[in-house]
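Coordinates in review
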Amino acid sequence: MSRQIIVPATGLLPHRAYSPAVRVGNTLYVSGHTGSDPVTREIRSGIESQTRQAFKNLQDVVEAAGGTMRDVVKVNIFMTDVANDLEGMNKVFREVFAEEPPARSTVGVAHLARPGLLLEIELVAVLPEEAGR
Amino acid sequence: MSAPRTVSLPGVTHTLPFSPALVWENLVFVSGQVGKDPMTDAFDEDIASQTRQTLSNIKALLEAAGTTLDKTLRMTIYMTDMQNEFAGMNTVFKEFFAGTLPARSTVGISHLAKPGLKIEIDLVAYRD
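If you're wondering where the values come from, they're calculated on a predicted model, not measured in any experiment.

Here the focus is helix α1 (residues 47-64) of chain B. Residues and elements named next belong to chain B. In this model, α1 (18 residues) spans 26 Å end to end at C-alpha, consistent with the 26 Å of a helix rising 1.5 Å per residue. Three or more residues of α1 are buried, namely I47, Q50, T51, T54, L55, N57, I58, L61 and L62. On an axial view of α1, the arc spanned by its buried residues comes to 150°, and they lie on one face. Backbone geometry just downstream of α1 places G66 in the positive-phi region, at approximately 90°.

Next up on the list: a nonpolar patch on the surface. Residue and element names in this part refer to chain A. Together, I5, V7 and L12 make up a nonpolar patch on the protein surface, roughly 250 Å² of accessible area in all. Along the chain, the position of L12 falls in the loop between β1 (3-6) and β2 (21-24). According to the relative accessible area criterion, L12 is exposed, its value standing at 55%.

Another point: the packing of aromatic side chains. Applying the stated criterion across every chain, the model contains 4 aromatic pairs over all chains. Look at A:F55 and A:F97: their rings are 5.7 Å apart centre to centre, the planes differ by 85°, and that puts the pair in the edge-to-face class. Note that A:F55 is positioned in helix α1 (residues 47-64) and A:F97 in the loop between α2 (82-96) and β5 (103-108), a separation of 42 residues in sequence. Take A:F55: its relative accessible area is 2%, and that puts it in the buried class. An angle of 50° between the planes, with centres 4.9 Å apart, marks the rings of A:F93 and A:F97 as tilted. Comparing A:F93 with A:F97, the two get one shared label, buried. The aromatic ring of A:F93 is capped on one face by A:R104, whose charged end is 4.6 Å from the ring centroid. Directly above the aromatic system of B:F93 lies the positively charged group of B:R104, at a separation of 4.6 Å from the ring centroid.

Reading guide: rules and limits
- Residues numbered from 1 in each chain as written.
- Chains lettered and ligands numbered in written order.
- Predicted model: local features only at pLDDT ≥ 70, side-chain atom pairs only at ≥ 80, totals over all residues.
- Heavy atoms only, no water.
- Helix = DSSP H or I, 4+ residues; strand = E, 2+ residues; numbered from the N terminus.
- Expected span 1.5 Å × (residues − 1).
- Buried < 20%, exposed > 50% of the residue type's maximum accessible area, 1.4 Å probe, protein only.
- Arc of directions from axis to C-beta.
- Patch = residues over 30% accessible without salt bridge, like charges linked within 9 Å, V, L, I, M, F, W, Y side chains within 5 Å.
- Areas by Shrake-Rupley, 256 points an atom, 1.4 Å probe, with all protein chains shown as cover.
- Salt bridge = Lys/Arg side-chain N within 4 Å of Asp/Glu carboxyl O.
- Phe/Tyr/Trp six-rings, centres within 6.5 Å; stacked < 30°, edge-to-face > 60°.
- Lys NZ or Arg CZ within 6 Å of the ring centre and 35° of its normal.

Next comes the structure, spelled out in structure tokens:
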């Protein structure tokens, strides 16, 4: 099966050693994204803003592959303070996945790549047969 | 290609904004499960009980999705105290998995959604 690197419209960040996403067959594996601006790297303030930005960044990648957020089947969420931030994250999650939501795991982590980051989200999507081809 | 379909445990009201499991064609994606009783949300303190309950919850979800634990392809186990509880988890794990074992990753994490929860497991399985 072919292996295709997916790059969002905002482009690659030079410091990253990995790809934003890799598509193999119809399956799209999207790297962990955070609530920072994809160009300036500015970190959004608060859990809701960070969650919204993270999903925006993920959506840009999914769309670059020809898919939509409805194609997402599994989401993994890593959070630095689940007890306090779960509710705010869930609020935005519900906005993103209003019906037939994907499967999800959520775990608390000691830290993320930069101080101030509250969550990181990665996902797997299964794209329609002809998407982006 | 068919659309993904949500699977829940029969009789259990799921209020969180994700699918307990999602079936797409022959694959079943199970969300992270913990050692809580699905009806009461109560959980035991020790790792053996929590592991057993977690895997029981997963087994029930897989059955609701039309498959079984032995069809598991890969799983991730998240633990709050891997150094002390890895062996206890594995002992219970072997009660559930024999023969061709699934691929697995286990990582130590700092906390889970509720204080006292020690383990969360997610997995991908196939169905015939």
